[in-house]
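# Analysis of the macromolecular model
Listed here are the chains, written in short residue letters.
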Amino acid sequence: MSILLIFIVIAVLSYLLGSLNFGIILSKAMGDDVRKKGSGNAGTTNMLRNYGKGLAALTIIGDMVKVAIAILISVFICKKLGVINNSQSFPMEMLVKCFSGFFCVLGHIFPVFFGFKGGKGVATSGGMVFMIDWRIGLILLAIFIIVVVITKYVSLGSLIMAALYPALILAFHQNLTITSISLIFTAIVFIAHRENIKKLMNHNENKISFKKKESE
């Protein structure tokens, strides 16, 4: 099997796994659709606002686990077929992880199973980063928490994480191919957050509350 065909298989597999959007799945299990509530986003924040901490926690776990599974399967396939081997000077395993993670996040944002309308990919992106390099994952998680605690804007924390991700990939791994994939990933995240960006600029973006949920 050619390397091109292997990467096509990985892209399709990762995209399909990413399309399993747990916010939508869990809300539909409740006889509802999270995309018809609040911000209309099928992500953890909107799940938290409309269904509570329990389903929000299950959403973030599911969306992180699916990208971990996609990356693990992709690496396993590439090792079995000899695409990844110990004699390579090029970081092929890292490339496979980035490639698989990118298509999984793409599936989450544009899920084929749910009319191509999904979430913004924050939890799935976080899971991807930890699978690619846990050190970068911890740095970005710390930055995300600090930004959200100070500003109460989840979207701002997500955008700053996405913006810093390529720089950290380049700093830690010094590889232009992998950095290029991370830049495309960042662009996709910013496109998914375009409405949030407008609201942040107009100072009318919704803030998250760390207190007990108030009646709306």
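The numbering scheme is per chain: residues are counted from 1 as the chain's sequence reads. Given that the model is predicted, a residue must reach a pLDDT of at least 70 before its local features are reported, and side-chain atom pairs must reach 80 or more before they are shown or counted; all residues, however, enter totals for whole chains, interfaces and linings. Hydrogens and water are ignored here; the side-chain numbers use all heavy atoms of the structure.

To continue, consider helix α2 (residues 22-29). Along α2, the residues that are buried comprise G23, I24, L26 and S27. Contact between two residues is taken to exist if any of their heavy atoms lie within 4.5 Å; hydrogens are not considered. Each helix is a run of DSSP H or I of at least 4 residues and each strand a run of E of at least 2, with the numbering of both proceeding from the N terminus. On its buried side, α2 packs onto α3 (44-51) and α4 (53-80). Any N or O atom pair separated by 3.5 Å or less is treated as a polar contact, with the protein-specific requirement of one donor-capable and one acceptor-capable atom, and with residues adjacent in sequence counted only for side-chain atom pairs. A side-chain oxygen of the first residue of α2 lies 3.1 Å from the backbone nitrogen of G23; this N-cap is N21. Note on α2: the residue one or two positions beyond its end, G31, has a positive phi of about 80°. Here's how the labels work: a residue is buried when its accessible area is under 20% of the maximum for its type, exposed when over 50%, partly exposed in between, all with a 1.4 Å probe on protein chains only.

Moving on: the confidence of the model for the protein chain. Per-residue confidence from the predictor is given as pLDDT, running between 0 and 100. When the pLDDT values of the protein chain are averaged, the result is 90; 96% of them are 70 or greater. Contacts from residues 212-216, a stretch scored under 50 in pLDDT, to residues over four places away or in other chains number four contacts.

One can find K66 in helix α4. On the accessibility criterion, K66 (3% relative accessible area) is buried. Here the side chain of K66 touches D63 through a polar contact of 3.2 Å, side chain to side chain. Apart from the residues within four sequence positions on either side, K66 is in contact with L17, G18, L20, N21, F22, C104, H108 and T124.

What follows covers the pattern of salt bridges. Just to be clear on terms, a salt bridge is a Lys or Arg side-chain nitrogen sitting within 4 Å of an Asp or Glu carboxyl oxygen. Applying the stated criterion to the full structure yields eight salt bridges. R35 is the partner of D33 in a salt bridge, and the nearest nitrogen-oxygen pair spans 2.9 Å. Residue R35 is classed as buried on the basis of its relative accessible area, which comes to 15%. D63 is paired through a salt bridge with K66; the nearest N and O atoms lie 3.2 Å apart. Placement of the pair is D63 and K66 together in helix α4, with a separation of three residues, close to one helical turn. Across the pair, exposure class does not vary: D63 and K66 are buried alike. Among the charged side chains, a salt-bridge network with shared partners connects K28, D33 and R35.

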